[in-house]
Amino acid sequence: MSSSDPTEAGAIVGWVVGLMEALGAPGVGLAIALENLFPPIPSEAVLPLAGFGSSQGDLGLVEVVLWATLGSLVGALALYGLGAWLGRERFRRLAGRVPLVKVSDIDRTEAWFRRHGTKAVLLGRMVPIFRSFISVPAGIERMRLPVFVVLTTLGSAVWNTVFVLLGYHLGEQWHVVEGYVGIGSKVVLAGIALACVWFVVARVREHLA
C-alpha cells in the first residue's frame, strides 16, 4: 500500500502503513486496537488510509471495516478491564484525594452514568477523545459485559465505516480527513478545558463564600 506522501501524516502513521503492508487488513485491526490504548495513534488517519488502500485494490473494503471494528472492540475491552480492576471503591478513594473534588461530585457522576451509560458508550464511540476513554467508566461501574460489547461494536462500526469510506472515495486526498477531525478534537478539548476552569472557579468561590 502506498500514498502520494506516506510521511505527511507523521512517523506513527508511517509505522501503521508498514503494519498494514505486512499484515493486510488484520494490521488495520491491530492498529485500531492500539489506538484505543495509545491515543497518539490517530484512527482518523489510519482508517482513511486503509480506505485508500481498498480503493487501490490492496485491501478488501468489507474486510478492513470488519477488522477495524474487531480491533476497536479488543482495545475497548482492555480499557473496560482496567476500569473493572480499578473498581468503584478504589476509584472513589483516588478521586476523593483530588483537590476540590467532593464525594457528592463522584456520587453525581455515578448516578449520571447509571442513567445514561448505554447512550454514553454507544455515542461516545463516535466522539474524538471520548471514544477511547468511555470504556473506563463502563468498567468501573461494571456495565453488563454483553451490553458493553454490543454497544461498542455498533458505535465503532459506524465510526470505522464512515472513515474507511471517506478514504476510499477521497483516494489520494485521504489525508484531508485527519485535518478536519483534528479541528473537532480541538473543539472537544477546548470544551473540556472550559468545563474544568468553570468547575475550579465555582468550587473556589464556594470555599471563599
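A brief structural summary.

1. Brief notes about the overall build of the chain
Okay, step 1: In terms of regular secondary structure, the chain is built from 9 helices and 0 strands.
Okay, step 2: Secondary structure elements in the chain, listed N-terminal to C-terminal, are α-α-α-α-α-α-α-α-α.
Okay, step 3: The buried share of the chain, reckoned over its 209 residues, is 42%.
Okay, step 4: In the structure as shown, the chain presents an accessible area of about 10900 Å², 71% of it carried by carbon and sulfur atoms.

2. A few points about a nonpolar patch on the surface
Okay, step 1: On the surface, V158, V162, L166 and L170 cluster together into a nonpolar patch covering about 290 Å² of accessible area.
Okay, step 2: By secondary structure assignment, the location of L166 is in helix 8 (residues 145-170).
Okay, step 3: In this structure L166 comes out as partly exposed when scored by relative accessible area, which is 36%.

3. Brief notes about the environment of S135
Okay, step 1: With respect to the secondary-structure elements, S135 resides in helix 7 (residues 135-140).
Okay, step 2: Judged by its relative accessible area of 0%, S135 is buried.
Okay, step 3: Measuring from C-alpha to C-alpha, the distance between S135 and F148 comes to 8.5 Å, with 13 residues separating the pair along the chain.
Okay, step 4: Discounting residues that sit within four places of it in the chain, S135 has contacts with A76, L79, Y80, R125 and F148.

4. A short note on the packing of helix 2 (residues 25-37) against helix 3 (residues 43-55)
Okay, step 1: Running from N to C, helix 2 and helix 3 point in directions that differ by 170 degrees, and their axes come no closer than 10 Å. The angle between helix 2 and helix 3 falls in the class roughly antiparallel. Mapping the contact onto sequence places V28, A31, I32 and E35 in helix 2 and S43, V46, L47 and A50 in helix 3.
Okay, step 2: For the contact of helix 2 with helix 3, a count of residues per class yields 6 nonpolar, 1 polar and 1 charged.

5. Structural notes on the side chain of S72
Okay, step 1: Inspection of the secondary structure puts S72 in helix 4 (residues 61-96).
Okay, step 2: In terms of polar contacts, S72 uses its side chain to reach the side chain of N160, at 3.3 Å.
Okay, step 3: Non-local contacts of S72, meaning those with residues more than four positions away in its chain, are made with I32, N36, R125, R131, S156 and N160.

6. Some remarks on the side chain of N160
Okay, step 1: Mapped onto the elements, N160 comes out in helix 8.
Okay, step 2: Residue contacts for N160: discarding those within four places in its chain leaves L47, A68, T69, S72 and R131.

7. A few points about the nonpolar core
Okay, step 1: If you look at the biggest cluster of nonpolar residues, it comprises 20 residues, and the most contacted ones within it are M20, V28, I32, L47, A50 and V64.
Okay, step 2: Element by element, the count of residues in this core is highest for helix 3, at 5 residues.
Okay, step 3: Apart from residues lying up to four places away in sequence, V28 is in contact with M20, A50, L59, V64 and A68.
Okay, step 4: With 10 residues, the next largest nonpolar core counts A76, Y80, I134 and A138 among its residues.

8. Let's talk about unusual backbone geometry
Okay, step 1: Its identity is not glycine, yet R142 carries a phi of approximately 50 degrees, on the positive side.
Okay, step 2: By the element assignment, R142 lies in the loop between helix 7 and helix 8.
Okay, step 3: Note on R142: relative accessible area 54%, which makes it exposed.

9. Considerations on helix 2
Okay, step 1: Taking 1.5 Å per residue, 13 residues should reach 18 Å; helix 2 reaches 19 Å between its end C-alpha atoms and fits that length.
Okay, step 2: All of the buried residues along helix 2 are A25, G27, V28, G29, A31, I32, A33, E35 and N36.

Criteria and thresholds
Residues numbered from 1 in each chain as written. Predicted model: local features only at pLDDT ≥ 70, side-chain atom pairs only at ≥ 80, totals over all residues. Heavy atoms only, no water. Helix = DSSP H or I, 4+ residues; strand = E, 2+ residues; numbered from the N terminus. Buried < 20%, exposed > 50% of the residue type's maximum accessible area, 1.4 Å probe, protein only. Areas by Shrake-Rupley, 256 points an atom, 1.4 Å probe, with all protein chains shown as cover. Patch = residues over 30% accessible without salt bridge, like charges linked within 9 Å, V, L, I, M, F, W, Y side chains within 5 Å. Salt bridge = Lys/Arg side-chain N within 4 Å of Asp/Glu carboxyl O. Contact = heavy atoms within 4.5 Å. Axes fitted to C-alpha atoms, helices over the stretch in contact; angles between N-to-C directions. Parallel < 35°, antiparallel > 145°, perpendicular 65-115°, else oblique. Nonpolar A, V, L, I, M, F, W, Y, C, P; charged D, E, K, R; others polar. Polar contact = N/O pair within 3.5 Å; in protein donor to acceptor, adjacent residues only side chain to side chain. Core = buried A, V, L, I, M, F, W, Y, C linked by side-chain atoms within 4.5 Å. Expected span 1.5 Å × (residues − 1).

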